[in-house]
Amino acid sequence: MKTRFDEAFWMPGSGWYAMALDGNKRQVDALGSNVAHCLWTGIVPDERAAPLIERLAAADMDSGFGLRTLSSTMHRYNPMGYHTGSVWPHDSAIAVAGLLRYHHIPGAVDLAERLSGGLVEAFLEFGARPPELFCGFARNDLRSPVPYPTSCSPQAWASAAPLLLMRSFLGLSPNVPQRTLTVAPRLPERAGRVRLADLRLGPATVTIEAEGTTVKVAGLPGDWQLIQD
């Protein structure tokens, strides 16, 4: 499937994956945040990841407060459009998770830190009530993110975005049936020390403290394996 996907969707002249295939299996040449979801799934070969990350890092995709759903260079771009240029917090959080999955690719971690920092700062501008979406105007033009008029705030999956950001930067992956806990922190310097207490793992309750790339785990039962990457 990975090979077939790459053959069908990769656009070598553009440096990104097509948004879709039409009824005749022709590529729809549009750049949006969808391609970052490909990183999240792990379907992107390493040789494709570098140009893709570089493209996501450009100013037409990164609004300064998160990733736009559609590049500002596209004809349909509208910073107030529901899916055509606005910023969705959960969408940007998935992008960050994907970038950190490809942390070995140059530029991936830097972009993940930049997107997550802008997203958290946007949340603070909204009174720590993560909205469903907000407008994709450039941060260089407007100091604060512009609310989307009909957006729910807070909204359920937007409120889950900070949790995904934390899990991604902690490299946190528990497997209760196999009794393994993987932790591989890559916390930004500005995050300081992070403490995650009372984390339930089946019958176990653990506390994780991390700073930078170092981590301590307390409360892990003796029959569990701690994996640090």
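Before reading further, recall that the structure is shown in the block above.
None of the values given here were measured: they were computed from a predicted structure. (Residues numbered from 1 in each chain as written. Predicted model: local features only at pLDDT ≥ 70, side-chain atom pairs only at ≥ 80, totals over all residues. Heavy atoms only, no water.)

### Here we look at helix H2 (residues 34–41)
Given 3.6 residues per helical turn, the α-helix brings residues three or four places apart onto the same face. Those residues of H2 that sit buried are Val35, Ala36, Cys38 and Leu39. Down the axis of H2, the buried side of the element spans an arc of 145 degrees, and every buried residue falls inside it. Buried-residue contacts for H2 involve helix H1 (2–9), strand E2 (16–17), helix H3 (46–56) and helix H4 (89–101). Of the residues flanking the end of H2, it is Gly42, one or two places downstream, whose phi is positive at about 85 degrees. (Buried < 20%, exposed > 50% of the residue type's maximum accessible area, 1.4 Å probe, protein only. Helix = DSSP H or I, 4+ residues; strand = E, 2+ residues; numbered from the N terminus. Arc of directions from axis to C-beta. Contact = heavy atoms within 4.5 Å.)

### Details of unusual backbone geometry
The amide bond that connects Ser153 to the next residue, Pro154, takes the cis arrangement and shows omega of 0 degrees. Tracing the chain through its elements places Pro154 in the loop between helix H5 (108–125) and helix H6 (156–159). Notably, Arg179 is not glycine yet its phi reads approximately 55 degrees, a positive angle. Summarising the element assignment, Arg179 is placed in the loop between strand E5 (173–175) and strand E6 (180–183).

### Focus on the packing of aromatic side chains
What the rule picks out here adds up to six aromatic pairs. Judged by centre distance (5.0 Å) and plane angle (40 degrees), the ring pair of Phe5 and Tyr17 falls under tilted. Of this pair, Phe5 sits in helix H1 while Tyr17 is found in strand E2, placing the two residues 12 residues apart along the sequence. Judged by its relative accessible area of 17%, Phe5 is buried. With a relative accessible area of 1%, Tyr17 lands in the buried category. With 5.9 Å between their ring centres and 50 degrees between their planes, Tyr82 and Tyr148 make a pair best called tilted. (Phe/Tyr/Trp six-rings, centres within 6.5 Å; stacked < 30°, edge-to-face > 60°.)

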